[in-house]
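An overview of the molecular structure
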Amino acid sequence: MSTPRETVDAAKQRYANGESQEAYRHLRTFFSGLGVALCDEALFFEALALLATLSQAFGATTAADALKACLARRDDAERCFTAAWQLYEEGQYAPASALLFRANQLTPGEPGIVSELSAALEAQLRYSEAARVLEASGTPERDPMCAYLAGFNGVMCGELDRARVQLARLADVTDARLVFQRDVLRDMVARADALSAAGVSLTGLALSAWQAVINGTVLLHGSPHGCE
């Protein structure tokens, strides 16, 4: 497995060779590997600079401009957030989450930052990571939307007790949107409990059971090639 330094160097070499798509694939791998701890700051911003160049070349000029603004003021959480938002809008979820991790380091526990970080991680199917980040931020205790997101991501990574904790926090919400989201989450947990009571296994590979829990639907056809 390549080190972060080797991955960024490979991206730079690909770009120098005129292979922009391959350069971007290496950068996406680099950013996907970044979590709470991030990495060496110099390497992180080196990768962001190349991403700005590639974004400009690909026609994503708004994202490129936001990245350049972020690079010009590296400890500005708002600029990190703005660049991450533009990347998310472009479908560049891995670098968006990396920038949001940094924004959360610079301004810890801001619900707006943490909820967007959750969305970027969810887009990469990193549900367990999203649940941990939300809980570690303390935002579910004081922000109903973050409580819902923590519960939803708990269900999505198969940890129903996390969802139960957040449902208790959402018991008294009155905002129509939050009431709807709370009820969706409540129904997921209720279906899981009903299946468990009926003796249905909810292991990680119980595809039809989790289809029922998450979507409230019955899976009628399975892949003949397996579900691993």
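You'll find the structure just up there.
Residues numbered from 1 in each chain as written. Predicted model: local features only at pLDDT ≥ 70, side-chain atom pairs only at ≥ 80, totals over all residues. Heavy atoms only, no water.

Counting secondary structure elements, the protein contains 12 helices and zero strands. When the helices and strands of the protein are listed from N to C terminus, the series reads α-α-α-α-α-α-α-α-α-α-α-α. Its C-alpha atoms give the protein principal-axis dimensions of about 60 × 45 × 30 Å. In the protein, which comprises 228 residues, the proportion classed as buried is 43%. A separation threshold of at least 6 residues defines the contact pool for the protein, and within that pool the share at least 24 residues apart is 52%. Of the roughly 11600 Å² that the protein leaves accessible, carbon and sulfur atoms contribute 52%. The protein carries 20 positive and 28 negative side-chain charges, and their two centres are separated by 2 Å. (Helix = DSSP H or I, 4+ residues; strand = E, 2+ residues; numbered from the N terminus. Buried < 20%, exposed > 50% of the residue type's maximum accessible area, 1.4 Å probe, protein only. Contact = heavy atoms within 4.5 Å. Areas by Shrake-Rupley, 256 points an atom, 1.4 Å probe, with all protein chains shown as cover. Lys, Arg positive; Asp, Glu negative; His and termini not counted. Charge placed at Lys NZ, Arg CZ, Asp CG, Glu CD.)

What follows deals with the nonpolar core. Formed by 40 residues in total, the largest nonpolar core has its most connected members in L27, F31, F44, L48, L51, L67 and L99. Taken together, the elements giving at least two residues each to this core come down to helix 1 (4-16), helix 2 (20-32), helix 3 (41-57), helix 4 (61-72), helix 5 (77-89), helix 6 (93-106), helix 7 (111-123) and helix 8 (127-137). A total of nine residues in this core trace back to one element, the largest contributor, which is helix 3. Counting 27 residues, the second-largest nonpolar core is a separate cluster that includes L134, M145, V189 and A209. (Core = buried A, V, L, I, M, F, W, Y, C linked by side-chain atoms within 4.5 Å.)

Angle between the axes and distance between the axes are the two parameters that describe a pair of packed helices. Between helix 9 (residues 144-156) and helix 11 (residues 176-197), the least distance of the axes is 10 Å, while the angle of their chain directions is 20°. In terms of orientation, helix 9 lies roughly parallel with respect to helix 11. For helix 9 against helix 11, the interelement crossing comes out left-handed. Of the residues in helix 11, those in contact with P144, M145, Y148, G151, F152 and V155 of helix 9 are R177, L178, Q181, L185, M188 and V189. (Axes fitted to C-alpha atoms, helices over the stretch in contact; angles between N-to-C directions. Parallel < 35°, antiparallel > 145°, perpendicular 65-115°, else oblique. Left-handed = near helix turned anticlockwise from the far one by under 90°.)

With that settled, the discussion passes to the pattern of salt bridges. A full pass over the atoms with the stated rule returns 17 salt bridges. D76 is paired through a salt bridge with R79; the nearest N and O atoms lie 3.9 Å apart. Ionic pairing is found between R182 and D183, a salt bridge with its closest N-O pair at 3.1 Å. Here the salt bridges do not stand alone but share partners, grouping R5, D9, K12 and E46 into one network. (Salt bridge = Lys/Arg side-chain N within 4 Å of Asp/Glu carboxyl O.)

Moving on: helix 1. The end-to-end C-alpha distance of helix 1 is 18 Å, a good match for the 18 Å that 13 residues give at a rise of 1.5 Å each. Every buried residue of helix 1 is accounted for by T7, V8 and A11. Projected down its long axis, helix 1 shows its buried positions confined to an angular sector of 95°, all on one face. Packing partners of the buried residues in helix 1 comprise helix 2 and helix 3. G18 occupies a position one or two residues after helix 1 and carries a positive phi of about 85°. (Expected span 1.5 Å × (residues − 1). Arc of directions from axis to C-beta.)

Our next topic: the packing of helix 9 against helix 10 (residues 160-169). At a minimum axis distance of 7 Å, the contact between helix 9 and helix 10 shows a crossing angle of 160°. In this view, helix 9 runs roughly antiparallel relative to helix 10, as classed from their interaxial angle. In terms of crossing hand, the pair formed by helix 9 and helix 10 is left-handed. Contact residues: A147, A150, G151, G154 and V155 in helix 9; L160, R162, A163, Q166 and R169 in helix 10.

For the rest of this paragraph, the subject is unusual backbone geometry. With a phi close to 65°, L125 is a non-glycine residue in the positive phi region. Turning to its location among the elements, L125 is positioned in the loop between helix 7 and helix 8. When its relative accessible area of 61% is taken as the criterion, L125 is described as exposed.

Okay, the environment of D183 next. Of note, D183 is situated in helix 11. A polar atom in the side chain of D183 sits 3.3 Å from the side chain of R186. (Polar contact = N/O pair within 3.5 Å; in protein donor to acceptor, adjacent residues only side chain to side chain.)

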